[in-house]
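Here is what each chain is made of, one letter per residue.
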Number of protein chains: 2
Amino acid sequence: MAKLVGNAIFGQSGGPTSVINASAAGVITEALKQDCIKNVYGAAHGIKGILEEKFYDMGMEDPKELELLKTTPSSALGSVRYKLADPDVDDTDYKRLLEVFKKYDIRYFFYNGGNDSMDTCNKVSKYLQKAGYECRVIGVPKTIDNDLAETDHCPGYGSAARYVAISTMEVYLDARVYDTPMVCVLEVMGRNAGWLTAATALASYKGAGPDLIYLPEITFDMDKFVRDVKEVYDKNGGKVIVAVSEGIKDKNGRYISEYGSDLAKEKDAFGHSQLGGAAQVLASVLKKELKCKTRAIEFSLLQRCAAHCASKTDVEESFMAGQMAVRYAVDGYSDYMVAYEREPGKEYRCKFKLVELSKVANAEKKVPREWITEDGTGLKQEFIDYALPLIQGESAPPMEDGLPRFARLKKVPVKK
Amino acid sequence: MAKLVGNAIFGQSGGPTSVINASAAGVITEALKQDCIKNVYGAAHGIKGILEEKFYDMGMEDPKELELLKTTPSSALGSVRYKLADPDVDDTDYKRLLEVFKKYDIRYFFYNGGNDSMDTCNKVSKYLQKAGYECRVIGVPKTIDNDLAETDHCPGYGSAARYVAISTMEVYLDARVYDTPMVCVLEVMGRNAGWLTAATALASYKGAGPDLIYLPEITFDMDKFVRDVKEVYDKNGGKVIVAVSEGIKDKNGRYISEYGSDLAKEKDAFGHSQLGGAAQVLASVLKKELKCKTRAIEFSLLQRCAAHCASKTDVEESFMAGQMAVRYAVDGYSDYMVAYEREPGKEYRCKFKLVELSKVANAEKKVPREWITEDGTGLKQEFIDYALPLIQGESAPPMEDGLPRFARLKKVPVKK
């Protein structure tokens, strides 16, 4: 196939991760090497930057800084949460995108994100096809939620899982120093899929993790929860560690975090202790039920930006996912997302493949029920075997004065 | 001076840190080397373990595990918060301690902790002196709060400061990925002294830190706070990062975290958003005032147990502080705490000295007013020069399966 000559644009979308910039480095450095790609543009704030013609000339960046992107957390070009309309209902954005693509001779479009971003990528791809505008569209996966379909795992998950597992082990040791009861509730990100919360089981596997783990895959029952905790409390001399997904819901589909508003009314019962997310709600409930010290810890943004303890496996795979996206596009593929395929066998090996964007857009992969223990409060060995290889190896940014030296991009705007 | 022959006991007290076990390793390994020290006991849960005759024979531990203590967070022997009575009012505990010391021929007492623990150490020392029981008592400092008097800094501070600075830099990058306003409030430990919150200024020094920093040393004024934030908000396109100490108080001495109970009443104004500590209170106030997305992040226990990104300088100094305590005691010193003295000159060098326990007990060292900017919302270069050397060098536990291999002590109980 004759090589398609033109410019390339790359955008980042959705919640950032520790390694989304590693994929950016992969896409950008690989695209800059390709003869058929004349200019490599970085979109400011994803699809929004393209609509507004705000993009940077990545060829102007210092290669050393592009290398540093591999260990720089967050989305260096800026991210966006912008849902494109159904083109049959409203094609304004699509017309504008086509206009911009034509104006800048964009023939390669790489979009890095999760399910919503793959939906954007898919819609753009289909529209450009329909419009007869030749452009290679490849999605690069990214999400700490690990919930993208058709791929063994997602760039970003391994590093977030490593941070969560390590921090859980550390908190485990800290939370049991006194010879008095202490119940600690850890809250991990994940609205619908419990992959990241499940990573706390890696700490348990090492003997320093939660006694109980609650994923959004299992309907949350407050009475059973209190019983579960009481049982561990009695068995372990009042020391209990619980991990919960932010997205746990009761049988009516109500988020446990929303219980906070009810509990706040019972002010007297809780004194000055006020409530926040799911962990704070549960810590308050347990404080009342067990009459002991409880503590809620939310990993919050920390779990998705802790580049200082990223998984080397994840960083390297994420970089390669970016590289592969460019290579596949140059080889003529379009309308796909790059995906990981784990090779069979005991030793972990992972190869790349392409999956149709339409199969990934908006789809969600959850933790299989059979990997969760019968009683719904823990993970089985199958999960450990799945997740452990993904957190291997240590990656950290180079240090300057004892602190990380993150990439500093020039972000030279492309003239309109 | 003839060497005092007998047994030694070591205890850990107060809130744990990433490096209190490094000091334990220093005390224990050094004590095991000394001929005049026959047995080295580790008290379970500090002074309480001594009162209850619960201690471990540290000579039975595998030297490899003792080495691993250097990179194991939390208090391996268990900690305690137990305030000894004034011996003139109630000497029950003291009589009991003397009984135990005599029974086990304890001639060396090493106690590792903060101000309260140094108070315990001081009281025990004075009582044993008065009772005419010869025992060398040396305190080993420890606190992430860095608020011990008579020492340049405290073991544990450098590592907590490094974690706080690195995490702040990472959150800084994460919190500005969208092109929409976002105000992020970080909450750092420190009830009365702002040293650890001030460490976020190290992130600002590297260009990725808070715009505003509020320490408990400065009376907190909510109206001024809102004005300060609005000013940065307008200047920076709605991107603001604020760091606050958990212990900030208003002019009436009321903790800002206590405002939560008032705010919870105004439920309608905040919808389902519930409140927790100071950061959550402030995030709620700002959400209401600025009508933008706000996020409260509490470093919680994470900041004091993050051995995975400890300061090597801190780990090494903490280990040596433990060693020095033993050497000083064997050399005949008693009734002192080991302290750090920074040598003058541009290059950081630190030596050890002894300070009287009575001068340290219950005293509190705060951040000097002249190191805080005039308007009370930032730190001056003097603080950076003070703190930066303390976070140098990287220390992490050895990894096994991508996860930390922390020390596993046998904890062989000493027969009663």
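Here the structure is a predicted model, which is why all the values come from computation and not from measurement.

Please explain the UniProt feature "active site" (unreviewed entry) in chain A as it appears in this structure.
Residues and elements named next belong to chain A. In the numbering used here, UniProt assigns the "active site" (unreviewed entry) feature to Asp145. Under the relative-accessibility criterion, Asp145 is labelled partly exposed at 23%. Ignoring sequence-local partners within four residues, the contact set of Asp145 consists of Gly190, Ala193 and Trp195.

When you look at the domain arrangement of chain A in this model, what are you seeing that I'm missing?
Much of the literature gives interface size as the accessible area that the parts lose upon coming together. All names here are of chain A. According to the domain assignment, chain A consists of domain 1 (6-151 + 306-362 + 392-404) and domain 2 (157-304). Domain 1 and domain 2 are separated by 34 Å when their C-alpha centres are compared. The partner domain 2 presents 13 residues to the 18 residues of domain 1 that form the contact. Of the roughly 1,300 Å² buried between domain 1 and domain 2 on both sides combined, carbon and sulfur atoms contribute 55%. Counting the surface domain 1 buries against domain 2, the share from its top three residues, Ile144, Asn146 and Cys309, is 41%. Between domain 1 and domain 2 we count seven residue pairs in polar contact (both at pLDDT 80 or more) in total. Grouping the constituent residues of the side of domain 1 that touches domain 2 by class yields six nonpolar, eight polar and four charged.

Would you explain the nonpolar core in this entry?
The tendency in soluble globular proteins is for nonpolar side chains to be buried as a group. Among the nonpolar cores identified, the biggest contains 102 residues, and Tyr157, Leu196 and Phe383 of chain A together with Tyr157, Leu196 and Phe383 of chain B are the most heavily contacted of them. Setting aside residues no more than four positions away along its own chain, Tyr157 of chain A makes contact with Thr143, Ile144, Asn146, Trp195, Leu196, Ala199, Asp314, Phe383, Tyr386, Ala387 and Leu390 of chain A. The next biggest cluster of nonpolar side chains, apart from the first, holds 36 residues, and it includes Ala8, Ile37, Val140 and Val338 of chain A.

How should I be thinking about the relation of the copies chain B and chain A in this particular structure?
Both copies of the chain are related through a single rotation about an axis accompanied by a shift along the same axis. The operation relating chain B to chain A is a screw motion whose rotation component is 180°, with 0.0 Å of axial translation and a residual RMSD of 0.0 Å. Given the turn and translation reported, the copies of this chain are related as if by a two-fold rotation axis. Most of the interface of chain B is mirrored in chain A, where 100% of its interface residues again form contacts.

Honestly, helix α1 (residues 20-33) of chain A in this entry has me stumped. Any pointers?
Note that an α-helix has 3.6 residues per turn; residues three or four places apart therefore point the same way. All names here are of chain A. For α1, spanning 14 residues, the distance from its first C-alpha to its last is 20 Å, which sits close to the expected 20 Å at 1.5 Å a residue. Within α1, eleven of the 14 residues are buried, leaving the element largely enclosed by the surrounding structure. Turning to α1, its buried residues number three or more, namely Ile20, Asn21, Ala22, Ser23, Ala24, Ala25, Gly26, Val27, Ile28, Glu30 and Ala31.

Just checking my understanding: could you explain the packing of helix α9 (residues 222-235) of chain A against helix α12 (residues 278-290) of chain A for this structure?
The description of two helices packed together rests on the angle between their axes and the distance between the axes. Residues and elements named next belong to chain A. It is at 11 Å that the axes of α9 and α12 come closest, and there the two elements cross at 60°. As the angle between them shows, α9 and α12 are arranged oblique. Viewed along their axes, α9 and α12 form a crossing whose handedness is right-handed. Between α9 and α12, the contacting residues are Met222, Phe225, Val226, Val229, Lys230 and Tyr233 on the first element and Val281, Leu282, Val285, Leu286, Glu289 and Leu290 on the second. Within the contact of α9 with α12, the residues separate by chemical class into ten nonpolar, no polar and two charged.

Whenever I open this one, a negative patch on the surface confuses me. Can you help?
Residue and element names in this part refer to chain A. A surface patch of like charges, here negative, comprises Glu231, Asp234, Glu374 and Asp375. Of note, Glu374 is situated in the loop between α15 (357-360) and α16 (381-387). Note on Glu374: relative accessible area 69%, which makes it exposed.

For this particular structure, what's the right way to read the sheet that holds strand β6 (residues 182-188) of chain B?
Strand pairing in a sheet relies on backbone hydrogen bonds. The paired strands run either parallel or antiparallel. Residues and elements named next belong to chain B. Pairing is parallel across the open sheet formed by four strands, whose spatial order is β7-β8-β6-β9. Each edge of the open sheet is held by one strand with a lone partner, namely β7 (212-214) and β9 (293-298). Adjacent strand axes in the sheet meet at a mean angle of 15°, parallel and antiparallel pairs treated alike. Along the sheet face, helix α9 (residues 222-235) touches β6, β7 and β8 (239-245) and points at about 150° away from the line of β8. Each of β6, β8 and β9 touches helix α12 (residues 278-290); the most contacted strand, β6, lies at about 160° to it.

Conventions we followed
Residues numbered from 1 in each chain as written. Chains lettered and ligands numbered in written order. Predicted model: local features only at pLDDT ≥ 70, side-chain atom pairs only at ≥ 80, totals over all residues. Heavy atoms only, no water. UniProt positions renumbered as here; feature names shortened; annotations may be inferred. Buried < 20%, exposed > 50% of the residue type's maximum accessible area, 1.4 Å probe, protein only. Contact = heavy atoms within 4.5 Å. Domains from an automatic or database assignment. Buried area = accessible area lost by both parts, 1.4 Å probe. Polar contact = N/O pair within 3.5 Å; in protein donor to acceptor, adjacent residues only side chain to side chain. Nonpolar A, V, L, I, M, F, W, Y, C, P; charged D, E, K, R; others polar. Core = buried A, V, L, I, M, F, W, Y, C linked by side-chain atoms within 4.5 Å. Least-squares fit on C-alpha atoms with pLDDT ≥ 70 in both. Helix = DSSP H or I, 4+ residues; strand = E, 2+ residues; numbered from the N terminus. Expected span 1.5 Å × (residues − 1). Axes fitted to C-alpha atoms, helices over the stretch in contact; angles between N-to-C directions. Parallel < 35°, antiparallel > 145°, perpendicular 65-115°, else oblique. Left-handed = near helix turned anticlockwise from the far one by under 90°. Patch = residues over 30% accessible without salt bridge, like charges linked within 9 Å, V, L, I, M, F, W, Y side chains within 5 Å. Areas by Shrake-Rupley, 256 points an atom, 1.4 Å probe, with all protein chains shown as cover. Salt bridge = Lys/Arg side-chain N within 4 Å of Asp/Glu carboxyl O. Lys, Arg positive; Asp, Glu negative; His and termini not counted. Charge placed at Lys NZ, Arg CZ, Asp CG, Glu CD. Pairing = 2+ DSSP bridges.

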